[in-house]
Amino acid sequence: MGTDLHELLRSLRVWDPEVTALAPFDPESAPPEPLPLFADWFAEAVAAGQAEPHTMSLATADEEGRPDVRTVMLHGADAAGWAFATHSGSRKGRQLAARPYAALGFYWPVLGRQVRVRGTVTAAPSAQSQADLHARSTGALAAALTGRQSEVLSSLAELARASEESWARARENPDAPVATWTLYRLRPQEVEFFQGEERRRHVRLTYRRTEDNWTRELLWP
């Protein structure tokens, strides 16, 4: 007998008080720029035991404007932007080349928080991209060396063979270059912080970039 999806959905609850802490959020106390608040919220998610808080949804669009989304890893966030990496020839790499705009979504359910980031995307110079790759694990390098991301795969056996070869290369040469590996930075034009509230009076604070500063405004939940 198959799973009753609708029955499962009806049985689920959001923000179970036994595992979720909905902290009050006073937007009046928020800093004038979004990055310090993001850093604080990220650290609090880590301290609260949120699983993989550095994963995020990355939304892009293809040449026809059709949206696409996937989960990737945050590689850093600073004055230059929120950083992530992939192969330039991957689906998201090709989409970013055609339309250099993207959106990021973080969800930390242990705190009932979301952060949404939208803006323009640029590719870092090759030296920075290679430094980013070689600062990661052997497994990350092996995966990058395997390459061919988003291409059609004939079988899992083919993947296993290529992966074994790449693992061997990564162990033998931890500085092996991968020309297509690219570090991308999203320069935010808008950043929204969402704090859930048990009576559904959620707090939404949005930062919008101006020519030389940021403006802040509240949104209805």
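The structure presented is a predicted model; accordingly, all values stated were derived computationally and were not measured.

Chemist: Would you mind going over the overall build of the protein with me for this structure?
Modeler: Helix and strand content of the protein: 6 helices and 9 strands. When the backbone C-alpha atoms are referred to their principal axes, the protein occupies close to 60 × 55 × 40 Å. For the protein, with 221 residues in total, the buried portion stands at 36%. In the protein, the share of contacts with a sequence separation of at least 24, taken over all contacts with a separation of at least 6, comes to 65%. Carbon and sulfur atoms form 53% of the exposed surface of the protein, whose accessible area is close to 13400 Å². Taken as two groups, the 25 positive and 29 negative side-chain charges of the protein have centres that lie 4 Å from each other.

Chemist: It is not clear to me how helix α5 (residues 138–146) should be interpreted in this structure. Could you clarify?
Modeler: Given 3.6 residues per helical turn, the α-helix brings residues three or four places apart onto the same face. Turning to α5, its buried residues number three or more, namely Ala-140, Leu-141, Ala-142, Ala-144, Leu-145 and Thr-146. Just past α5, the residue Gly-147 takes up positive phi, approximately 60°.

Chemist: What exactly am I supposed to notice about unusual backbone geometry here?
Modeler: Excluding glycine, most residues fall at negative phi; most peptide bonds, likewise, are trans. Positive phi, normally seen in glycine, also occurs at Trp-15, with a value near 60°. On the secondary structure map, Trp-15 appears in the loop between α1 (5–11) and α2 (34–47). Given the relative accessible area of 15%, Trp-15 is considered buried. Positioned with a positive phi, Arg-148 is a non-glycine residue whose angle comes to about 60°. One can find Arg-148 in the loop between α5 and α6 (156–172).

Chemist: Looking at this structure, I do not really get the environment of Thr-180. What am I missing?
Modeler: Among the secondary structure elements, Thr-180 is positioned in the loop between α6 and β7 (181–195). Taking the C-alpha atoms as reference points, Thr-180 and Leu-153, 27 residues apart in sequence, are found 19 Å from one another. Not counting chain neighbours up to four residues away, the residues in contact with Thr-180 comprise Thr-86, His-87 and Ser-88.

So, how was this worked out
- Residues numbered from 1 in each chain as written.
- Predicted model: local features only at pLDDT ≥ 70, side-chain atom pairs only at ≥ 80, totals over all residues.
- Heavy atoms only, no water.
- Helix = DSSP H or I, 4+ residues; strand = E, 2+ residues; numbered from the N terminus.
- Buried < 20%, exposed > 50% of the residue type's maximum accessible area, 1.4 Å probe, protein only.
- Contact = heavy atoms within 4.5 Å.
- Areas by Shrake-Rupley, 256 points an atom, 1.4 Å probe, with all protein chains shown as cover.
- Lys, Arg positive; Asp, Glu negative; His and termini not counted.
- Charge placed at Lys NZ, Arg CZ, Asp CG, Glu CD.

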